[in-house]
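Overview (structure and organization)
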There are 2 protein chains.
Amino acid sequence: MLQRRLLHSSRAVLGKTLTALTRVKHPEFKRNPAFAKIEEKDLSFFKSVLAPQNIIHDENPEDPSSSMMPYNTDWFNLYRGTSSLCLFPTSTEQVSQILKYCNQNQLAVVPQGGATGVSGGCNPVFDEIIVNTSKMNKIRHFDAVSGVAVVDCGVVLEGLDQYLEPKGYTVPLDLGAKGSCQIGGNVSTNAGGLRLIKFGNLHGNVLGLEVVLPDGTVLENLSTLRKDNSGYDLKQLFIGSEGTLGLITGISLLTPRRPKAVNVAMVALDSYEAVQEAFVMAKEDLSEILSAFEFWDHDSVGIVKQEMMQDTNYPIEGKHAFYALLETQGSRQEHDQEKLDDYLGRLLEKGVAVDGVMAQDAKQVNALWSWREKIPESISKSGTAMTYDVAMEVPLLYKLVEDAKAHFTQKNLLGPGKLYSNLLGFGHVGDGNLHIMANLDGFDLKGQDDMDEFIFDWTMRHKGSITAEHGVGVSKINYMTRAKTDVQLKLMKTLKKAIDPNGIMNPYKVIPEDK
Amino acid sequence: MLQRRLLHSSRAVLGKTLTALTRVKHPEFKRNPAFAKIEEKDLSFFKSVLAPQNIIHDENPEDPSSSMMPYNTDWFNLYRGTSSLCLFPTSTEQVSQILKYCNQNQLAVVPQGGATGVSGGCNPVFDEIIVNTSKMNKIRHFDAVSGVAVVDCGVVLEGLDQYLEPKGYTVPLDLGAKGSCQIGGNVSTNAGGLRLIKFGNLHGNVLGLEVVLPDGTVLENLSTLRKDNSGYDLKQLFIGSEGTLGLITGISLLTPRRPKAVNVAMVALDSYEAVQEAFVMAKEDLSEILSAFEFWDHDSVGIVKQEMMQDTNYPIEGKHAFYALLETQGSRQEHDQEKLDDYLGRLLEKGVAVDGVMAQDAKQVNALWSWREKIPESISKSGTAMTYDVAMEVPLLYKLVEDAKAHFTQKNLLGPGKLYSNLLGFGHVGDGNLHIMANLDGFDLKGQDDMDEFIFDWTMRHKGSITAEHGVGVSKINYMTRAKTDVQLKLMKTLKKAIDPNGIMNPYKVIPEDK
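None of these values were measured; they are calculated from a predicted model.

1. A few points about the overall build of chain A
Within chain A, the secondary structure is distributed over 17 helices and 16 strands. Oriented by its inertia axes, the alpha-carbon framework of chain A measures out at about 75 × 60 × 45 Å. Out of the 515 residues belonging to chain A, those deemed buried represent 64%. If you take every contact in chain A between residues at least 6 apart in sequence, the share linking residues at least 24 apart comes to 75%. Carbon and sulfur atoms make up 50% of the accessible area of chain A, which totals about 18,000 Å². Put simply, chain A has 53 plus and 64 minus side-chain charges, and the middle of one group is 3 Å from the middle of the other.

Next up, the structure:
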């Protein structure tokens with residue numbers, strides 16, 4: 001099976017200059033004075049709950065060599081908090097004790113899983129206590145008839161997939177960070193990823209949750225039933241609310257049968273219109289077996305080649321504006337192959353695609369995927385990375401990249417050695433989800449802000465979402481008042497206040513403060 | 001395409017004796033004295049908002065000939081309220097004005113769609129004002145690239161399906177009541193139905209909602225995006241909360257491609273173990289094209305034959321304990337046919353199934369489906385119907401029917417002419433969802449209560465859900481304190497109070513009163 005992962009063994013900063021503190025980059029954030037600061041008595045309490053090896057405490061978290069650094073920073077080196085305390089509970093009961101104490105003592109908390117998020121949601125902004133779920137990583141139960149898995153929040157996504165493989169099942173989501181991301185984080189952020197087109201989102205695939213509420217109460221809702229309409233579907237509240245309403249400790253997940261056949265093809269296309277046409281034709285011809293339809297532009301190939309694949313030939317010769325990767329998953333190889341052959345034949349015959357290759361074995365499947373999956377990491381290796389994740393009508397998706405390029409080229413800000421470089425677009429056509437990335441010269445804050453403003457403003461003007469799957473976190477908090485209506489924001493605040501009246505759970509994220 | 005519907009042109013009572021008033025059957029319900037009674041000034045206000053033909057008012061709603069009767073009663077003739085007023089708004093703005101007024105004047109409201117629910121959720125218990133959505137039935141928008149439909153709440157499910165057919169799309173849910181049920185009601189009750197196994201539930205398929213909140217505020221959340229993680233997924237709150245948190249006026253729905261090939265087979269099996277084995281094999285062999293796996297017992301055939309299909313031969317000869325109906329939906333007929341042939345061959349060869357037939361054309365598809373779909377209506381025609389809808393582990397499903405039969409036979413209460421007759425089981429194996437129905441002699445309240453207690457208690461002891469898809473409504477409200485934990489109930493109440501502080505939306509339903 002595919003073994004893809006973000007290769008970030010030294011998780012934090014890869015020898016690059018540390019990014020500025022989030023509170024410096026975002027001076028508009030003010031530490032909420034209602035929150036207490038950690039005192040000796042608090043440490044004593046946590047030591048009474050957790051074993052010594054499950055507490056990291058460092059009074060100087062800003063020191064580059066601080067043991068807190070891996071937990072205060074994110075993988076893309078875009079956010080940095082100054083928490084002095086990271087707790088590693090090993091049970092739901094411990095999480096409950098921690099939150100109950102924090103709630104009673106007005107100590108702010110940031111839940112953290114694999115810390116592969118790119119919106120700053122899982123890192124502290126100030127001195128929030130980090131509750132890291134890495135040590136809650138048991139697979140509690142799996143039923144091979146129904147395909148329902150019940151797992152701890154800290155189980156790594158790829159680990160669960162490996163567990164399911166010999167049982168003939170697979171996970172219903174897949175993403176580049178699968179080797180590090182944890183299921184609790186996936187659910188908290190409603191992670192989408194590469195196969196949403198086939199399996200749908202986590203609101204449909206999560207059957208139940210165990211959640212520790214902000215006051216320490218444990219909400220036991222770990223249903224393994226596929227259908228249950230007995231009362232409000234409470235779990236939905238916690239899917240995608242980025243840890244602001246509680247800390248998810250257990251997940252009951254519906255897992256699909258592992259496909260008996262996986263086929264992957266890559267095609268070259270000369271226009272974005274052709275990409276769309278290829279997608280519509282894929283929905284017609286491949287329908288129930290289409291499991292991914294990804295695309296990227298030519299510049300994306302360039303950066304991957306330059307940063308990570310110098311010694312590998314790109315599988316399609318010549319220069320083409322766009323490439324699409326199609327994957328099918330089905331139960332019978334010869335049927336799927338026939339459908340895919342016919343589809344590719346039709347694409348080339350009609351002139352929609354100009355060239356294409358099909359993987360002949362698992363190694364080639366991996367090789368084709370790697371050109372898509374290494375794009376984010378390549379940009380990150382190339383310098384300070386800016387990453388965007390927007391959703392909108394499919395026909396508009398790439399227009400945003402073109403307009404951004406034209407806008408910043410005209411201002412003479414885009415190109416090698418300039419403020420912005422390597423501006424490129426790729427993503428999940430089938431979900432109407434575009435990722436735009438670019439390198440930023442150093443940590444130019446105004447440069448980041450200007451790019452944010454251009455991309456978010458363009459997206460909102462075109463009725464899109466400023467975050468399709470990455471979530472709000474810190475990165476889009478300042479845009480929420482423009483992205484949502486007053487009624488939406490008011491209802492979010494009503495829910496937050498009802499469930500977390502002291503506001504201790506992941507403050508400064510998702511819901512903008514009243515001005 | 002399949003044209004199946006509940007044939008209830010005269011919607012209410014089919015000439016049968018009217019059921020007792022809900023408040024008589026459930027003397028434990030007390031009208032909440034905080035609610036106002038309708039006065040002349042209220043009628044004046046509603047007349048200022050709605051055209052005269054969109055208001056039904058009758059001071060004597062208990063009179064069997066009352067014009068309010070069709071709205072006070074349910075199709076199964078199990079619930080009867082005494083509302084004197086039914087309003088038919090034609091726009092979201094009118095709904096907003098109505099709710100705002102009701103909230104300010106403490107008038108209780110029951111939202112009502114196609115009124116095909118079987119839990120009493122859409123009928124008043126006392127004198128709640130009925131807000132019926134039948135006259136809000138426009139298809140607002142459909143995008144043929146993405147397959148996203150934006151519709152009014154009152155659009156009939158089958159009507160939308162017919163609209164989508166020439167465009168190559170279909171609705172992602174199907175149920176017996178499709179000819180009458182409305183999409184707003186489907187979403188409010190998180191309707192499941194026959195093809196959930198393929199398309200998943202509405203929490204995954206609804207992309208956005210427009211909801212009038214209890215105070216009349218309109219929550220505009222009609223996103224057509226497949227992915228949007230910008231803040232809490234507010235729409236989820238209203239899916240399945242049975243109109244207790246607001247009134248859904250608009251729905252943005254992801255619709256799948258209409259299948260190019262539909263195949264249906266019916267097989268006979270001699271034990272419930274064989275049903276399960278056939279299901280597991282279907283998941284293996286048919287995987288991505290399996291769109292329904294229904295089963296029923298032999299008694300179900302008997303009642304359908306007796307009440308509705310006297311002149312039709314059952315398609316499989318001999319007497320068998322169980323029958324299963326399998327449907328495939330796919331994009332290529334010859335592939336699907338080959339998979340299904342191989343599957344059926346394997347079933348017979350291994351002795352899992354003892355006989356089977358395959359539909360050769362659309363007419364036969366309909367004919368096979370009708371034996372499954374006419375079960376509820378047949379029971380209803382045969383007398384007072386009791387209907388249950390539970391979910392649990394698949395291996396346990398039919399054990400409940402067997403235990404119920406044994407229990408009531410031993411008490412000499414089950415059989416022709418006795419308190420209970422025609423006790424039978426059928427349902428959606430793939431979803432772990434069993435329907436149990438039986439006839440009750442007259443309207444014996446204790447008889448209903450005793451059957452409720454047996455079935456719900458058995459289900460809860462086996463960690464099942466007392467309502468897989470029908471919802472709580474009135475019918476299971478007295479069991480909610482046993483079915484849910486205190487923490488779950490408390491959180492439900494917190495949400496209800498936060499969003500509907502005056503409690504005007506569909507009172508007496510879903511959330512039990514504090515004792």
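Having seen the model, we can carry on.
2. Section: the relation of the copies chain B and chain A
Here chain B sits on chain A after a turn of 180° about the axis and a move of 0.0 Å along it, with an RMSD of 0.0 Å. With respect to symmetry, the two chain copies, as superposed, fit the operation of a two-fold axis. Identified as the residue of chain B closest to the rotation axis by C-alpha distance is B:G204, at 2.2 Å. Here 100% of the contact residues of chain B are again contact residues in chain A; the copies associate through an equivalent surface.

3. Structural notes on the interface of chain B and chain A
Facing 85 residues of chain B, the contacting portion of chain A comprises 85 residues. Counting the surface lost from both chain B and chain A, the interface buries some 6,600 Å², and carbon and sulfur atoms represent 56% of this. When the area that chain B buries against chain A is broken down by residue, the three leading residues are B:K227, B:N229 and B:Y232, summing to 15%. Across the contact surface, chain B and chain A share eight salt bridges.

4. So, the pattern of salt bridges
Residues and elements named next belong to chain A. Going through the model one piece at a time under the given rule, you end up with 57 salt bridges over all chains. Of the charged contacts in the structure, one is a salt bridge between E288 and K339, with a shortest N-O distance of 4.0 Å. Taken as a pair, E288 in the loop between α9 (272-285) and β11 (290-297) and K339 in helix α11 (residues 333-349) lie far apart in primary sequence, 51 residues in all. Its salt-bridge partner being K446, residue D450 comes within 2.7 Å of it at the nearest N-O pair.

5. A look at the sheet that holds strand β3 (residues 109-112) of chain B
One key point about sheets: their strands pair by backbone hydrogen bonds, in either a parallel or an antiparallel sense. Residues and elements named next belong to chain B. Taken in spatial order, the four strands line up as β1-β2-β4-β3 in an open sheet, and their pairing is mixed. Each edge of the sheet is formed by a strand with only one pairing partner; in this case those strands are β1 (55-57) and β3. Direction aside, the axes of adjacent strands within the sheet are offset by 20° on average. In this structure, strand β2 (residues 85-87) lies alongside strand β4 (residues 129-132), joined through two bridges in parallel fashion. From the neighbouring strand, L87 faces β4, where its bridge partner is V131.

6. So, the sheet that holds strand β1 (residues 55-57) of chain A
Residue and element names in this part refer to chain A. The sheet built from four strands is open, its strands ordered β1-β2-β4-β3 with mixed pairing. Here the strands that pair on one side only, and so sit at the sheet edges, are β1 and β3 (109-112). Taking the axes of each pair of neighbouring strands and ignoring which way they run, one obtains an average angle of 20° across the sheet.

7. Overview of the packing of aromatic side chains
With the rule as written, the count across this model stands at 44 aromatic pairs over all chains. Between A:F45 and A:Y101 the ring centres are 4.1 Å apart and the planes differ by 5°, which places this aromatic pair in the stacked class. Residue A:F45 is found in helix α2 (residues 40-49), and its partner A:Y101 is found in helix α4 (residues 92-104); the two are separated by 56 residues along the sequence. Here A:F45 falls in the partly exposed class, since its relative accessible area comes to 22%. With centroids separated by 5.6 Å and ring planes inclined at 75°, the aromatic side chains of B:Y388 and B:F456 adopt a geometry described as edge-to-face.

8. Remarks on helix α15 (residues 445-461) of chain B
Residue and element names in this part refer to chain B. Counted at 1.5 Å a residue, the expected span for α15 with its 17 residues is 24 Å, and the 24 Å between its end C-alpha atoms agrees. Every buried residue of α15 is accounted for by G447, Q448, M451, D452, F454, I455, F456, W458, T459 and M460. Packed against the buried residues of α15 are β14 (384-391), α14 (397-410), β15 (420-428), β16 (433-440) and α16 (480-483). Of the residues flanking the start of α15, the one acting as N-cap is D444, its side-chain oxygen 3.2 Å from the backbone nitrogen of K446. K463 occupies a position one or two residues after α15 and carries a positive phi of about 60°.

9. Thoughts on the domain arrangement of chain A
Residues and elements named next belong to chain A. Assigned domains within chain A: domain 1 (22-132), domain 2 (139-254), domain 3 (261-375) and domain 4 (383-472). Each of domain 1 and domain 2 was reduced to a C-alpha centroid, and the two centroids are 24 Å apart. Each side of the interface is counted separately: domain 1 has 11 residues, and domain 2 has 15 residues. Among the residues of domain 1 in contact with domain 2, T92, L99 and T116 are the three that bury the most area, contributing 39% of the side total. The interface formed by domain 1 and domain 2 includes zero salt bridges. Where domain 1 meets domain 2, there are two residue pairs in polar contact (both at pLDDT 80 or more). By residue number, the principal contributor to the side of domain 1 that touches domain 2 is α4, which donates six residues. A class-by-class count of the residues in the side of domain 1 that touches domain 2 yields four nonpolar, six polar and one charged.

10. Thoughts on the pairing of strand β10 (residues 261-269) of chain A
All names here are of chain A. The buried fraction of β10 is high, at eight of nine residues. Here β10 runs beside strand β12 (residues 322-330); their pairing, made up of nine bridges, is antiparallel. Bridging from a neighbouring strand, A261 pairs with G330 of β12. With four bridges joining them, β10 and strand β13 (residues 355-358) adopt antiparallel strand pairing. Paired with M266 across the strands is V357, a residue of β13.

11. Section: the UniProt feature "domain: FAD-binding PCMH-type" (unreviewed entry) in chain A
Cross-referencing UniProt, the feature "domain: FAD-binding PCMH-type" (unreviewed entry) maps to residues 79-258 of chain A in the present numbering. Between the end C-alpha atoms of residues 79-258 of chain A the distance is 37 Å, and the span holds 19% helix and 22% strand.

12. Considerations on helix α13 (residues 375-382) of chain A
Residue and element names in this part refer to chain A. The element α13 is largely enclosed, with a buried count of six among its eight residues. Where α13 is concerned, the buried positions are I375, P376, E377, S378, I379 and S380. On its buried face, α13 is in contact with β11, α10 (298-307), α12 (362-373), β14 (384-391), β15 (420-428) and β16 (433-440). A positive backbone phi angle near 155° is found at G383, which sits one or two residues after α13.

13. Thoughts on the environment of B:D514
Within the element layout of this structure, B:D514 appears in the segment after α17 (486-499). Spatially, the C-alpha atom of B:D514 lies 9.8 Å from that of B:T481, the residues being 33 residues apart in sequence.

14. A closer look at the confidence of the model for chain A
Taken over all residues, the pLDDT of chain A has a mean of 93, while the share at 70 or more is 97%. Contacts of residues 1-15 of chain A to residues separated by more than four positions or lying in other chains number 47 contacts, the stretch itself having pLDDT below 50.

15. Details of the pairing of strand β7 (residues 206-212) of chain A
Residue and element names in this part refer to chain A. Burial of β7 is extensive: seven of the seven residues sit out of reach of the surface. Bridging between β7 and strand β9 (residues 247-254) involves six bridges; their strand directions are antiparallel. What sits directly across from L209, in β9, is I251. Across four bridges, β7 lies against strand β8 (residues 218-221) in antiparallel orientation. Paired with V211 across the strands is L219, a residue of β8.

16. A closer look at a negative patch on the surface
There is a patch of like negative charges on the surface, built from A:E28, A:D441, A:D444 and A:D449. In this fold, A:D441 is placed in the loop between β16 and α15 (445-461).

The rules behind each value
- Residues numbered from 1 in each chain as written.
- Chains lettered and ligands numbered in written order.
- Predicted model: local features only at pLDDT ≥ 70, side-chain atom pairs only at ≥ 80, totals over all residues.
- Heavy atoms only, no water.
- Helix = DSSP H or I, 4+ residues; strand = E, 2+ residues; numbered from the N terminus.
- Buried < 20%, exposed > 50% of the residue type's maximum accessible area, 1.4 Å probe, protein only.
- Contact = heavy atoms within 4.5 Å.
- Areas by Shrake-Rupley, 256 points an atom, 1.4 Å probe, with all protein chains shown as cover.
- Lys, Arg positive; Asp, Glu negative; His and termini not counted.
- Charge placed at Lys NZ, Arg CZ, Asp CG, Glu CD.
- Least-squares fit on C-alpha atoms with pLDDT ≥ 70 in both.
- Buried area = accessible area lost by both parts, 1.4 Å probe.
- Salt bridge = Lys/Arg side-chain N within 4 Å of Asp/Glu carboxyl O.
- Pairing = 2+ DSSP bridges.
- Axes fitted to C-alpha atoms, helices over the stretch in contact; angles between N-to-C directions.
- Phe/Tyr/Trp six-rings, centres within 6.5 Å; stacked < 30°, edge-to-face > 60°.
- Expected span 1.5 Å × (residues − 1).
- Polar contact = N/O pair within 3.5 Å; in protein donor to acceptor, adjacent residues only side chain to side chain.
- Domains from an automatic or database assignment.
- Nonpolar A, V, L, I, M, F, W, Y, C, P; charged D, E, K, R; others polar.
- UniProt positions renumbered as here; feature names shortened; annotations may be inferred.
- pLDDT = per-residue confidence, 0-100.
- Patch = residues over 30% accessible without salt bridge, like charges linked within 9 Å, V, L, I, M, F, W, Y side chains within 5 Å.

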